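Each chain, written out:
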Amino acid sequence: MRFSKTKVLAALKCEKQLFLSVHHPELAEKSDSPASVTGQVVEEHARREFPDGVIVERNKPNQDPFEFTRQLLQDDKVGTIFEAGIECDDLALFVDVLQRNGDGWDVIEIKAATQVKEEFIDDVAVQALALSQAGVEVKHYYLMHINNDFVYLGNHDYTGLFVREEITDQVLHHVPFIEQYLGQLNTIIAGAQPERHIGSYCKNPYLCSFYRYCESQDAEYPVAWLPNGWRAAQTLIAQGIYDIRDIPADALNSETHQWVRSVTLSGEPELLSGAKHILDTLPYPRYYLDFECIQFAIPVWENTRPYVQLPFQWSCHVQKDPESLEHEAFLDTSGSDPRYQFAKSLLEVCGETGPIIVYNQSFEKRIIRELAETFPDLSNRLLALNERVFDLLPVAKKNYYHPDMKGSWSIKKILPCLVPELSYSDLENVQD
């Protein structure tokens, strides 16, 4: 069987993922994740660095991308090829950029990240093996990634946005391992479905498309759900313990893990009295606040950097006394930089007294602090808001757990357990 780069990388991450992608591709969940969309945008932008580039279209009628690539490789007038199709006995894949270098070529892999990561070396090493077996001479391998120190000054000037980092030595050092591992893939596919229990690797560096299927086939309450319990879960799985309810009482050192085990065994949620005692001490008026931010890989507003979280929406429920609740909000859809109006309107609503109640304060406080740095005329008033912030997350972590929270106190996990009628699955526009 001839393998794509995607399948080789899937196998390196999890052999069960490779097996399922070949035998049961219908079980994969397909979606345009923000990461994949960002990757496409970054790649299209990066191509502007190569004005002489010729693109190989994969689905063009009456044109085989691999044959067209071979023609371009032989054409001395072609200096750069985008999406070059390379095939050999075992592999068929596409290379982001091939740039002519004398009598050979340089490979440039484009990534939306801000640094070289270990998995990128695997990625390029698979390409290196295919290029070598196809007889394409490569002189250098580069990773082209985002420069997170770049500041966009406007006028569509993105000079310095990308960094080209040579990774030739790392790639060539890794190729023999890839070549050896490639020989095992047919054996994996021909055998029985590999047994693999869900764990942190299922979501790192990205969520596996088969995650929901594997979760449904695993234990009802997998040990991987122990919060921040990767090492504990690995130890338990090695002992043949897969369900939290099967963990021996003396096998867990963490008090949080012991609590999760106890509640899961009972099958009933537990709400400790400490939560009410803490909340009853909060004075009025109360401001229940939430922010939404956007991160651009390619900055669009002046004086912003790649991947900085830029706030564009806030929602605040104001409770002046126990019997009243009013809603205030800000949402900018103009396309212009919304941060100043965001900050100014927030100050107007939040007043000068009363707790500002958030869930996971590090996010809101950081955004407020960055706004204060950006807008000196609002700085003192914004920083005063941070002095009033009260965080509900520690209260929840110490006082409430439900077996269906899956070891997580995130809003999306705790909300359906506390208030089932407000499930995220019913909020169509929020889901998108």
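Residues numbered from 1 in each chain as written. Predicted model: local features only at pLDDT ≥ 70, side-chain atom pairs only at ≥ 80, totals over all residues. Heavy atoms only, no water.

Novice: Can you lay out the overall build of the protein for me, pointing to particular residues and giving the numbers?
Specialist: The helix and strand inventory of the protein stands at 16 helices and 13 strands. By principal-axis analysis of the C-alpha atoms, the protein measures approximately 75 × 60 × 40 Å. Within the protein, the fraction of its 432 residues that count as buried is 44%. Expressed as a percentage of contacts within the protein between residues at least 6 apart in sequence, the contacts between residues at least 24 apart total 65%. For the protein, the computed accessible surface area is about 23,700 Å², with 47% contributed by carbon and sulfur atoms. (Helix = DSSP H or I, 4+ residues; strand = E, 2+ residues; numbered from the N terminus. Buried < 20%, exposed > 50% of the residue type's maximum accessible area, 1.4 Å probe, protein only. Contact = heavy atoms within 4.5 Å. Areas by Shrake-Rupley, 256 points an atom, 1.4 Å probe, with all protein chains shown as cover.)

Novice: For the nonpolar core, give the residues involved together with the corresponding values.
Specialist: Counting 43 residues, the largest nonpolar core has I81, L91, L98, L131, Y141 and L185 as its most contacted members. Of the residues forming this core, the biggest block, nine residues, is contributed by helix α5 (residues 118-133). In this view, L98 contacts L73, G79, T80, I81, A84, W105, D106, V107 and L131; residues no more than four positions away in its chain are not counted. If you look at the next biggest cluster of nonpolar residues, it comprises 31 residues, including C208, A233, W259 and Y400. (Core = buried A, V, L, I, M, F, W, Y, C linked by side-chain atoms within 4.5 Å.)

Novice: Can you tell me about the pattern of salt bridges, naming the residues and giving the values?
Specialist: Counted under the stated rule, the structure contains 19 salt bridges. The partner of D123 in a salt bridge is K5, and the shortest N-O contact between them spans 2.9 Å. Here the residue D123 occupies a position in helix α5, and K5 occupies one in helix α1 (residues 5-13), the gap between them amounting to 118 residues. The class for D123 is buried, based on a relative accessible area of 5%. Ionic pairing is found between E326 and K320, a salt bridge with its closest N-O pair at 4.0 Å. One continuous salt-bridge network, built from bridges that share partners, spans R2, E67, R70 and E87. (Salt bridge = Lys/Arg side-chain N within 4 Å of Asp/Glu carboxyl O.)

Novice: Which residues make up the pairing of strand β10 (residues 326-331), and what values do they have?
Specialist: Side-chain direction in a regular strand flips from residue to residue, so the side chains alternate between the two faces of the sheet. The sheet contact formed by strand β9 (residues 309-319) and β10 spans six bridges and is antiparallel. Bridge pairing in β10 links V318 to E326. Between β9 and β10, which follow one another and run antiparallel, lie six residues. (Pairing = 2+ DSSP bridges.)

Novice: Now, about the sheet that holds strand β1 (residues 53-55): what can you tell me, with residues and values included?
Specialist: Taken together, six strands build an open sheet; the order of strands is β1-β2-β3-β4-β5-β6 and the sheet is mixed. Single-partner strands in this sheet number two, and they are β1 and β6 (162-166). In this sheet, adjacent strand axes meet at a mean angle of 40 degrees when their direction is disregarded. Pairing analysis gives three bridges linking β1 to strand β2 (residues 80-87), with the strands arranged parallel. Bridging from a neighbouring strand, I55 pairs with F82 of β2. Together, β5 (138-146) and β6 form the strand contacts of helix α6 (residues 168-190), whose direction differs from that of β5 by roughly 115 degrees. (Axes fitted to C-alpha atoms, helices over the stretch in contact; angles between N-to-C directions.)

Novice: Now, about the sheet that holds β10: what can you tell me, with residues and values included?
Specialist: Read across the sheet, five strands follow the order β10-β9-β8-β11-β12 without closing on themselves; strand pairing throughout is mixed. One side of each edge strand has no neighbouring strand; the edge strands of this open sheet are β10 and β12 (389-391). Strand-to-strand twist across the sheet, computed as the mean angle between neighbouring axes with direction ignored, equals 30 degrees. Pairing of strand β11 (residues 356-358) with β12, which is carried by three bridges, proceeds in the parallel orientation. Paired with V358 across the bridge in β12 is D391. Seen against the sheet, helix α12 (residues 361-374) touches β8 (286-295), β9, β11 and β12 and runs at an angle of roughly 75 degrees to β8.

Novice: If you had to explain the side chain of N399 to someone new, which residues and values would you point to?
Specialist: Positionally, N399 belongs in helix α14 (residues 393-399). Within the structure, the side chain of N399 is placed 2.8 Å from the backbone oxygen of V395, a separation counted as a polar contact. When sequence neighbours within four positions are dropped, the list of residues in contact with N399 reads W259, E270, L271, L272, G274, A275 and I278. (Polar contact = N/O pair within 3.5 Å; in protein donor to acceptor, adjacent residues only side chain to side chain.)

Novice: Report on helix α11 (residues 339-350), specifying residues and quantitative values.
Specialist: Quick reminder: α-helices carry 3.6 residues per turn. Residues three or four places apart thus point the same way. With 12 residues, α11 ought to run about 16 Å at 1.5 Å a step, and its terminal C-alpha atoms sit 16 Å apart, in line with that. Listed as buried for α11 are R339, F342, A343, S345, L346, L347 and C350. Its buried side turned inward, α11 meets β8, β9, β10, β11, α12 and α13 (379-386). One or two residues past the end of α11 sits G351, with phi positive at roughly 60 degrees. (Expected span 1.5 Å × (residues − 1).)

Novice: Describe the packing of aromatic side chains, with residues and values.
Specialist: On inspection of all chains with the given rule, the structure shows 13 aromatic pairs. An angle of 85 degrees between the planes, with centres 5.9 Å apart, marks the rings of Y221 and W225 as edge-to-face. What makes W225 buried here is its relative accessible area of 10%. Taking the centre distance of 5.4 Å and the plane angle of 50 degrees together, the rings of Y401 and W409 count as tilted. In this structure Y401 comes out as buried when scored by relative accessible area, which is 1%. Taken together, the aromatic side chains of F150, Y152 and Y158 make up a single cluster linked through ring pairs. In this structure, R58 packs its charged tip against the face of F94, placed 4.0 Å from the ring centre. (Phe/Tyr/Trp six-rings, centres within 6.5 Å; stacked < 30°, edge-to-face > 60°. Lys NZ or Arg CZ within 6 Å of the ring centre and 35° of its normal.)

Novice: Which residues make up the environment of V318, and what values do they have?
Specialist: When you line up the elements, V318 lands in strand β9. Considering only alpha carbons, one finds V318 and E328, 10 residues apart in sequence, at a separation of 7.5 Å.

Novice: Hey, could you go over helix α15 (residues 411-418) for me, with residue numbers and the actual values?
Specialist: Where α15 is concerned, the buried positions are I414, L415 and C417. Considered in projection along α15, the buried side chains sweep an arc of 170 degrees and stay on one side of the axis. Looking at the packing, one finds that the buried side of α15 touches α14 and β13 (400-401). (Arc of directions from axis to C-beta.)

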